[in-house]
Protein chains: 2
Amino acid sequence: MENIRIVLVETSHGGNIGAVARAMKNMCLNELALVAPRQFPTEECMARASGADDILQEASVHQNLDEALVDCSLVIGASARLRSVSWPQLDPRECAELVLQRTVSGQVALVFGRERTGLSNAELERCNYLVNIPANPDYSSLNLGMAVQVVSYELMMASQHGSRTAPDTRELAGAGDMQGLFNHLEQALEDIGFLDPRKSDKLMRRLKRLFYRAEPDMDEIKILRGILSAAQGRKSARRE
Amino acid sequence: MENIRIVLVETSHGGNIGAVARAMKNMCLNELALVAPRQFPTEECMARASGADDILQEASVHQNLDEALVDCSLVIGASARLRSVSWPQLDPRECAELVLQRTVSGQVALVFGRERTGLSNAELERCNYLVNIPANPDYSSLNLGMAVQVVSYELMMASQHGSRTAPDTRELAGAGDMQGLFNHLEQALEDIGFLDPRKSDKLMRRLKRLFYRAEPDMDEIKILRGILSAAQGRKSARRE
């Protein structure tokens, strides 16, 4: 997650800058560049950053966009989906893949525009690609912080690709153990007077399906068989 | 994107509720449930909703979590990644895939906890799955609105790309039915002398996890409760 710069252009509200800092730090990004911010730093900015003050303190402030992008070999600008423009457009997932390919060899910038009007045409044309977040066509404008959060989240997901989901390390019951459970269950159901022999095949099939779906591990098999034994014991105790 | 309810538990700041409403509407979600919100509605709430007032106006307000979940057949709770707990955990992408499979046949809830402390253990245990957003291990707590945004964004992405797996059309047991099963199970285990009160919490948690994984439908709940009644002796008592 090195070599990735988040660039905010003429942000109006300090609170949004703070929210962006927090979102960045949550997603392991740390390089923030501000182009002509209207309010910075403000109290609300610090409050919304909520512990990501280091990002704000180290943020660079620039007079214009060119200055913030001078060392970047790839620039991607956030925009609503533009049907009229034939600029190459990515969704956040495609964007993350491209960015991570490129950070190996150089600096990448992700540019987010003004709260109300986004990036100007001239600014969009400074970008190699545009990224747009899929949204409700009737209500498509995301809050600035939210947009940064979504794009950063995809970077985080891409950087962790393949290594995140912990393997299931439980010692799952083998086929023989499951068979043992089913035999015990059938016997116990008979002992407690639940099983009607005429319908037992269908019922047992149903219960097997249920327990197969549950994918019990060995401990759980033992617990279940303990319960069955207790149910059988109570009955025989009553009978005696 | 129907049949998906966003549930916020004891949210402290009205502004966050507004941000959630906007994030939801951006991502084509519209059903918001608030459990004992501290401030609602407030001026900041309406300001942050920024045109998503309809979501706030139609939001339901509940006294407790159970009430907000009563008709839900799948409940997923947001939490930090828990290494100590072996509750089934999903990342937002896996979560979205599962949710879209299930909305065909029933109501799904995504539950988000308090700003500072998240969901309690008891609340997490009400969930079939947990969803956690990958984050900086040294700074992992996302703002509430941001967390809803990320999870909702993945739902939007999944709904646009189409789910790969066939939808599950079984009539799955609702949260209330599962609760009924667990109460019955606990009582039956006590009746047959299986439950050691000193260890019962841990054991019941384990059994809940097993049955949540099995995802029983309504017929299966009836069969399981029939077995429990038989073990308790009620069924044979009836026959006598």
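Residues numbered from 1 in each chain as written. Chains lettered and ligands numbered in written order. Predicted model: local features only at pLDDT ≥ 70, side-chain atom pairs only at ≥ 80, totals over all residues. Heavy atoms only, no water.

Draft legend 1. Summary view of the overall build of chain A. Within chain A one finds ten helices and seven strands. Its C-alpha atoms give chain A a radius of gyration of 29 Å, more than 25% over the compact-globule value 18 Å for 240 residues. On the principal axes, the C-alpha backbone points of chain A span a range of 90 × 40 × 40 Å. Split into buried and exposed, the 240 residues of chain A put 52% on the buried side. In chain A, of all internal contacts separated by at least 6 residues, the share reaching a separation of at least 24 is 82%. (Helix = DSSP H or I, 4+ residues; strand = E, 2+ residues; numbered from the N terminus. Rg over C-alpha atoms; globule rule 2.2 N^0.38 Å. Buried < 20%, exposed > 50% of the residue type's maximum accessible area, 1.4 Å probe, protein only. Contact = heavy atoms within 4.5 Å.)

Draft legend 2. Local environment of the packing of aromatic side chains. Residue and element names in this part refer to chain B. Per the stated rule, a full pass over the model turns up five aromatic pairs over all chains. Relative to Y212, the ring of F182 has its centre 5.3 Å away and its plane inclined at 80°; by these criteria the two rings are edge-to-face. Residue F182 is found in helix α8 (residues 175-191), and its partner Y212 is found in helix α9 (residues 200-214); the two are separated by 30 residues along the sequence. The same class applies to F182 as to Y212, namely buried. (Phe/Tyr/Trp six-rings, centres within 6.5 Å; stacked < 30°, edge-to-face > 60°.)

Draft legend 3. Broad picture of the pattern of salt bridges. Under the defined criterion, the tally for this structure stands at 30 salt bridges over all chains. Of the charged contacts, one joins B:D71 and B:R5 as a salt bridge, the two residues approaching to 2.9 Å between their closest N and O atoms. Remark: B:R5 occurs in strand β1 (residues 4-9) and B:D71 occurs in the loop between α4 (65-69) and β4 (72-78); sequence separation between them is 66 residues. Through salt bridges with shared partners, a single ionic network connects A:R206, A:R213, B:D217, B:D219 and B:E220. (Salt bridge = Lys/Arg side-chain N within 4 Å of Asp/Glu carboxyl O.)

Draft legend 4. Region of the structure containing the interface of chain A and chain B. Facing 61 residues of chain A, the contacting portion of chain B comprises 66 residues. Across the chain A/chain B interface, buried area totals approximately 5500 Å², and carbon plus sulfur atoms make up 58% of it. On inspection of chain A and its partner chain B, the count reaches ten salt bridges. A salt bridge links A:E154 to B:R93; the nearest nitrogen and oxygen atoms lie 2.7 Å apart. Across the contact surface, chain A and chain B share 30 residue pairs in polar contact (both at pLDDT 80 or more). Secondary-structure elements contributing two or more residues to the side of chain A that touches chain B are α1 (14-26), α2 (43-49), α5 (92-102), α7 (144-159), α9 (200-214) and α10 (218-239) of chain A. Counted by class, the side of chain A that touches chain B contains 31 nonpolar, 13 polar and 17 charged residues. (Buried area = accessible area lost by both parts, 1.4 Å probe. Polar contact = N/O pair within 3.5 Å; in protein donor to acceptor, adjacent residues only side chain to side chain. Nonpolar A, V, L, I, M, F, W, Y, C, P; charged D, E, K, R; others polar.)

Draft legend 5. Seen up close, the nonpolar core. Residues A:L32 and B:L32 are the most contacted members of the largest nonpolar core, which totals 93 residues. No other element matches helix α7 (residues 144-161) of chain B, which puts eleven residues into this core. Here B:L32 is in contact with B:I6, B:L8, B:I17, B:V20, B:M24, B:I55, B:L56, B:A59 and B:S60, once residues within four sequence places are set aside. Membership of the second largest hydrophobic core comes to 65 residues, among which are A:I192, B:L185, B:L189 and B:I227. (Core = buried A, V, L, I, M, F, W, Y, C linked by side-chain atoms within 4.5 Å.)

Draft legend 6. Focus on the side chain of B:S79. All names here are of chain B. Along the chain, S79 turns up in the loop between β4 and β5 (89-90). When its relative accessible area of 16% is taken as the criterion, S79 is described as buried. In contact with S79, not counting residues within four places along its chain, are L124, L130, V131 and N132.

Draft legend 7. A look at helix α1 (residues 14-26) of chain B. With 13 residues, α1(B) should cover 18 Å at 1.5 Å per step; its first-to-last C-alpha distance of 19 Å lies within 8% of that length. Counting buried residues in α1(B) gives 13 out of 13 residues, a clear majority hidden from the surface. (Expected span 1.5 Å × (residues − 1).)

Draft legend 8. A look at unusual backbone geometry. Residues and elements named next belong to chain A. Residue F40 is joined to P41 through a cis peptide bond whose omega torsion reads -10°. Phi angles above zero are rare outside glycine, and E10 is one such case at about 45°. Its location among the elements puts E10 in the loop between β1 (4-9) and α1. When its relative accessible area of 23% is taken as the criterion, E10 is described as partly exposed. One non-glycine residue, S50, adopts positive backbone phi at about 45°. Mapped onto the elements of the fold, S50 is located in the loop between α2 and α3 (53-57). With a relative accessible area of 36%, S50 lands in the partly exposed category.

Interpretation in functional terms is not warranted from these geometric data alone.
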